[in-house]
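Structural overview for review
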Amino acid sequence: MAGLDPATRPAHVSARKRLGWPLRGHGDVTGQLQSLDVQQLTCVRGQRVLFRDLTFRVDAGRVLSLEGPNGVGKSSLLRVLAGLLPAAAGTIALISGSTAEIDADDRARKVAWLGHNDAAKPQLTPREVLSFFARLYGTRADIDAALAAVGLAKIADLACAYLSAGQKKRLALARLKVVERPIWLLDEPLSSLDTDGRKAALDLVNAHIMFGGIVIAATHEPLGVASERLMLGAAA
Amino acid sequence: MIGALLSRDIRLATRAGGSAALALAFFAAVATLVPLGVGVDLRLLLRVAAGVLWVAAVLAALLSLDRLFQADFEDGSLDLIALSPLSLETVAAAKIAAHWLTTGLPLTLLSPVLGVMFGLPPGAIGVLTLSLAIGTPAVSALGAIGAALTMSIRRGGLILPLLVLPLLAPAVIFGAGAVQAALDGLSSGALLFLAAFAVATTLLSPFAAGAAVRLNLAG
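Residues numbered from 1 in each chain as written. Chains lettered and ligands numbered in written order. Predicted model: local features only at pLDDT ≥ 70, side-chain atom pairs only at ≥ 80, totals over all residues.

1. Things to note about the interface of chain B and chain A
- Each side of the interface is counted separately: chain B has 19 residues, and chain A has 21 residues.
- Only helix H1 (2–14), helix H5 (77–82) and helix H9 (190–218) of chain B provide two or more residues apiece to the side of chain B that touches chain A.
- With 5 residues, the single largest contributor to the side of chain B that touches chain A is H5 of chain B.
- Of the residues assigned to the side of chain B that touches chain A, the class counts are 11 nonpolar, 4 polar and 4 charged. (Contact = placed C-beta atoms within 7 Å. Helix = DSSP H or I, 4+ residues; strand = E, 2+ residues; numbered from the N terminus. Nonpolar A, V, L, I, M, F, W, Y, C, P; charged D, E, K, R; others polar.)

2. Let's talk about the nonpolar core
- Formed by 146 residues in total, the largest nonpolar core has its most connected members in Phe133, Leu185 and Ile216 of chain A together with Leu53, Ala57 and Ala148 of chain B.
- With 15 residues, helix H7 (residues 122–149) of chain B is the largest single contributor of residues to this core.
- The contact partners of Phe133 of chain A, leaving out residues within four places of it in the chain, are Arg175, Val178 and Val179 of chain A together with Leu80 of chain B. (Core = buried A, V, L, I, M, F, W, Y, C linked by C-beta atoms within 7 Å. Buried ≥ 20, exposed ≤ 12 C-beta atoms within 10 Å, placed from the backbone.)

3. As for the sheet that holds strand S3 (residues 48–59) of chain A
Residue and element names in this part refer to chain A.
- With respect to topology, 4 strands assemble into an open sheet ordered S3-S2-S5-S6, the strand pairing being antiparallel. Each having just a single partner strand, S3 and strand S6 (99–101) make up the two edges of the open sheet. Strand-to-strand, the axes of this sheet are offset by a mean angle of 25°, without reference to chain direction.
- Each of strand S2 (35–45), S3 and strand S5 (89–96) is contacted by helix H2 (residues 74–82), which is oriented at about 120° to S2, the strand it contacts most. (Pairing = 2+ DSSP bridges. Axes fitted to C-alpha atoms, helices over the stretch in contact; angles between N-to-C directions.)

4. So, the confidence of the model for chain A
- Per-residue pLDDT for chain A has a mean of 84; in total, 86% of the residues score no lower than 70.
- Every residue in residues 1–30 of chain A scores below 50 in pLDDT, and together they form 63 contacts with partners more than four places removed in sequence or on other chains. (pLDDT = per-residue confidence, 0-100.)

5. Quick notes on the packing of helix H4 (residues 126–136) of chain A against H1 of chain B
- At their nearest, the axes of H4 of chain A and H1 of chain B sit 7 Å apart, and the two run at 150° to each other. The orientation of H4 of chain A relative to H1 of chain B falls into the category roughly antiparallel. The interaxial crossing formed by H4 of chain A with H1 of chain B has left-handed handedness. Residues Phe132, Arg135 and Leu136 of chain A of H4 of chain A pack against Ala4, Leu5 and Arg8 of chain B of H1 of chain B.
- Of the residues belonging to the contact of H4 of chain A with H1 of chain B, the class tally is 4 nonpolar, no polar and 2 charged. (Parallel < 35°, antiparallel > 145°, perpendicular 65-115°, else oblique. Left-handed = near helix turned anticlockwise from the far one by under 90°.)

6. Regarding the packing of H7 of chain B against H9 of chain B
All names here are of chain B.
- Interaxial distance between H7 and H9 falls to 7 Å at its minimum, and their mutual angle equals 20°. Viewed along their axes, H7 and H9 adopt a mutual orientation that is roughly parallel. Viewed along their axes, H7 and H9 form a crossing whose handedness is left-handed.

7. Observations regarding unusual backbone geometry
All names here are of chain A.
- Within the chain, Asp53 stands out as a residue other than glycine whose phi angle is a positive 50°.
- Among the residues examined, Asp53 registers 12 C-beta atoms within 10 Å and is labelled exposed.
- In this structure, Glu188 takes a positive phi of about 50° despite not being glycine.
- Note on placement: Glu188 falls in the loop between strand S8 (183–187) and helix H7 (195–210).
- With 18 C-beta atoms counted inside 10 Å, the residue Glu188 sits in the partly exposed group.

Written out as structure tokens, the structure reads:
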């Protein structure tokens, strides 16, 4: 039911072979992630089958964009991939070298998540939000660099209550950088972003895949980077 | 990592608009209102003091419990916390600890002042404070189970007390009973029973709350 049509392979895909993952050498990501392999995945929510027997693979250094109409199960697929929702059937394997990890809890430790909700506490400042997530995920990421990368350096110490929707989305993008995980799962990463914000998002995605990361994004609009596309519900 | 969650939750509770000051104010307001309703019979006030202060403390702690997981669930933080290296049981333990430090502990520290207002003698005030110090962790711990179960329900805050208050009856009985016994000059094992209850609930609740969070995230 789902067709995977390969698009042009990014020229820098071989970068991962030289650099490996993780770049900074900390976090619990060991070994070099080669691909995320999904076999015969079925997802059921509230008696309704969202998708059945979905099979696809994303190699390190590639972007997969999930497309399809509202309610077709893009967000649910991302939650299943993250290990937040159990799959009704099928396997999701992380391939690195000759080993394949299929446990959802192990996978959850390799995922950076960007959902519809921004997780920006109104009482905290962007800097506090990012340093909380860096400490929670056990990374020593450069908070100032992450804030600067999304253009929030000037309002880093303003309470999140005063941020606009687009600024909160930028903060969520900066969080991806801070948690230092190899697999980015993004649900509508470009919504409510202005032109500069979109550019910052694309720069982050490009840098991530250049270093051998995997990006899977549910989106209604072209991401603007070379990506493979997975249409959900196309041939249902 | 657990320190990050603990310090963030404490910061959220103590910052402007946080729940810590609210719980404390509620506790003081209820404890002040009861003598106004009961009247100036000092002997009567002395008899009801321990019960009133214990019930007020439990209600004050419950006031902030419904948001324990719900706030993080609604704004997407809980998804991110679930993907962190911490297990959900550890997350629950950290949240229980943060809740106790920002409500149970301040309530305990305020209770001697309110005890004086009720005319409790120093010995009974000591027992009251000790009983709250021992018993309030159980309130936070059992409350966390209810908070985890009701976090995806819109008006969960209304169901939470119905779930949790019956479970907290032993804490109120032993806590107030210990003070009562001290007033009567009797020795009682109430504080020991309270301690046993608090240790058991505090150790076991993180597992139940963690399981409830897992259930709600997958639902």
